[in-house]
Amino acid sequence: MSFSARIKEELSRQMSPARHCQIAEIAAILSLCGGIQISGDDRYTIKIHTENVTVARKCFTLLKKTFNIEADISIRRNAHLGKNRVYSVCVKQHEDALRVLKATKLLSEDGEIGENLSVVGNVVVQNPCCRRAFLRGAFLASGSISDPEKFYHFEIVCATEPKARQIQSIMATFDIEAKIVMRKRYYVAYIKEGSQIVDMLNVMEAHLSLMELENIRILKEMRGNVNRQVNCETANINKTVSAAVKQINDIVFIRDTAGFESLPPGLAQIARARLEKPEATLKELGEDLEPPVGKSGVNHRLRKLCELAERLREEQGAGQ
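Quick caveat: nothing in here was measured; it's all calculated off a predicted structure. Every chain begins its residue count from 1, and numbering advances along the sequence as written. Owing to the predicted nature of the model, reporting of local features is limited to residues with pLDDT of at least 70; listing and counting of side-chain atom pairs is limited to 80 or more, with chain, interface and lining totals taken over all residues. Side-chain numbers come from the whole structure's heavy atoms, not from hydrogens or water.

Asks: Even after reading the chapter, I still don't get the sheet that holds strand β5 (residues 143-145), so can you show me in this structure?
Replies: For sheets, the rule is that strands pair by backbone hydrogen bonds, running either parallel or antiparallel. Strand pairing is assigned whenever DSSP detects at least two bridges linking the two strands. Helix numbers and strand numbers start at the N terminus; a helix is a DSSP run of H or I with at least 4 residues, a strand a run of E with at least 2. Pairing within the open sheet is antiparallel, and its four strands lie in the order β5-β6-β8-β7. Lying at the two open borders of the sheet, with one neighbouring strand each, are β5 and β7 (179-183). Adjacent strand axes in the sheet meet at a mean angle of 25 degrees, parallel and antiparallel pairs treated alike. Bridging between β5 and strand β6 (residues 154-158) involves three bridges; their strand directions are antiparallel. Bridged to Ile 145 within β6 is Phe 154. All axes here are fitted lines through C-alpha atoms, helices being fitted over the stretch that makes contact, and every angle between N-to-C directions spans 0 to 180 degrees.

Here you go:
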């Protein structure tokens, strides 16, 4: 089961104790994956389509607990996606459908259905608890989240831009900054920051999934820190080795041209020490000298040798 499916499984088992929150959740589901059929004599039928059995189960439970409606459930194969099943939750009785549409504000006082089943006004989501329930229902209906082991991406797909804007504005009330992008013919409200996705799971009250995501984030951060430290240490080692190789080349050049006898005692001493211990650090070289010399002193002497080697090379070049 994917991480996204586990979140939906967790959310499908939750039931808000307050009726107004239950209405907000079913309003979001209806708005994003529901449809209304109107017969010739103006009789309403509600149909909710989903490929996720946990979402279908949640819809059935919400209708039963909130409105005491026994909805019908049917299953069919999706002709376009082959093996995938599509679950349909239907409210066939006109009076029942009318009660649901009025309670969820998908039907205006004048009896007009909101275009594309858009929620009319903000009455359904006026309380913070109802906004949480609405976002929970929206995610169940058309949301998904990527595998956090790979990358962070949370999204809710909407049929129209106003619906995506509504989702975005509700998220903003919880200090979550979602962006909207058009993908094919749909509008997608999405979040890409791991911390914001954690906040979103907290808003929807998916606490088990939140803890799982936080654990993954901590492990990824630890691995990232270790990798950065290893890369830094590797770079330092490479830098030290490169410097030691150059020092040895310069010292060998001085030995083979001017000879160590031409050097001051301190420089001759460090030159011989470096040739004897090519892999030693500056600190180790200084401790082996008699008398011992500090790291900065060793570095100063080696730099003098490098400058001398450069001058000798220039003199050789000029002589030729």
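After that view of the structure, there is still more to cover.
Asks: What is the right way to look at the packing of aromatic side chains in this model?
Replies: One pair of aromatic rings is described through two measures. These are the centre distance and the angle between the planes. In this analysis, rings of Phe, Tyr and Trp, with Trp reduced to its six-membered ring, are considered paired at centre separations within 6.5 Å, and the interplanar angle assigns stacked below 30 degrees, edge-to-face beyond 60, and tilted for intermediate values. In total, this model carries one aromatic pair according to the counting rule given. The interplanar angle of 15 degrees and the centroid separation of 5.2 Å between the aromatic rings of Phe 139 and Phe 154 together place this pair among those described as stacked. Remark: Phe 154 occurs in strand β6 and Phe 139 occurs in helix α5 (residues 128-142); sequence separation between them is 15 residues. Each member of the pair, Phe 139 as well as Phe 154, is classed as buried. Between Lys 8 and the ring centre of Phe 139, over which it is positioned, the NZ or CZ distance is 5.5 Å. Residue placement shows Arg 313 over the ring face of Phe 253; its charged tip is 4.7 Å from the ring centre. Any residue under 20% of the maximum accessible area for its type is buried, any over 50% is exposed, and the rest in between are partly exposed; the area is computed with a 1.4 Å probe on protein chains only. We call a charge positioned above a ring when the Lys NZ or Arg CZ atom is no farther than 6 Å from the ring centre and deviates by at most 35 degrees from the ring normal.

Asks: Can you help me understand helix α4 (residues 94-103) in this one?
Replies: Side chains of residues three or four places apart in an α-helix project in the same direction, reflecting 3.6 residues per turn. Along α4, the positions that sit buried rather than exposed are His 94, Ala 97, Val 100 and Leu 101. Within α4, the buried residues cover an arc of 130 degrees as seen down the axis, which keeps them to one side. The secondary structure elements touched by the buried residues of α4 are α2 (19-33), β1 (34-38), β2 (44-50), α3 (53-67) and β4 (85-91). One or two positions beyond α4, positive phi appears at Lys 105, with a value near 60 degrees. Throughout, the arc means that of the directions going from the helix axis to the C-beta atoms. Only heavy atoms enter the contact rule, under which two residues are in contact if any of them lie within 4.5 Å.

Asks: What exactly am I supposed to notice about the state of the cysteines here?
Replies: Any covalent bond linking the sulfur atoms of two cysteines counts as a disulfide. The definition used for a disulfide is geometric: two cysteine sulfur atoms within 2.5 Å. Scanning the model with the defined rule gives zero disulfides in all. The thiol of Cys 59 is not disulfide-bonded; the next cysteine sulfur, from Cys 33, is found 5.7 Å away. Overall, the relative accessible area of 0% leaves Cys 59 in the buried class.

Asks: In this structure, what is going on with the pattern of salt bridges? I would like to understand it.
Replies: Any two side chains of opposite charge can pair, given that their charged atoms come close. Definition used for salt bridges: Asp or Glu carboxyl oxygen within 4 Å of a side-chain nitrogen of Lys or Arg. For the structure on display, the rule yields 20 salt bridges. Linking Lys 58 and Glu 25 is a salt bridge whose minimum nitrogen-to-oxygen distance equals 2.5 Å. Here Glu 25 lies in helix α2 and Lys 58 lies in helix α3, a separation of 33 residues in the sequence. One exposure class covers both Lys 58 and Glu 25, and it is buried. Asp 250 is paired through a salt bridge with Lys 246; the nearest N and O atoms lie 3.0 Å apart. Residue Asp 250 and its partner Lys 246 are located together in helix α8 (residues 207-257), separated by four residues, close to a single helical turn. Here Lys 246 falls in the partly exposed class, since its relative accessible area comes to 41%.

Everything listed here is a matter of coordinates, which is why it stays silent on function.
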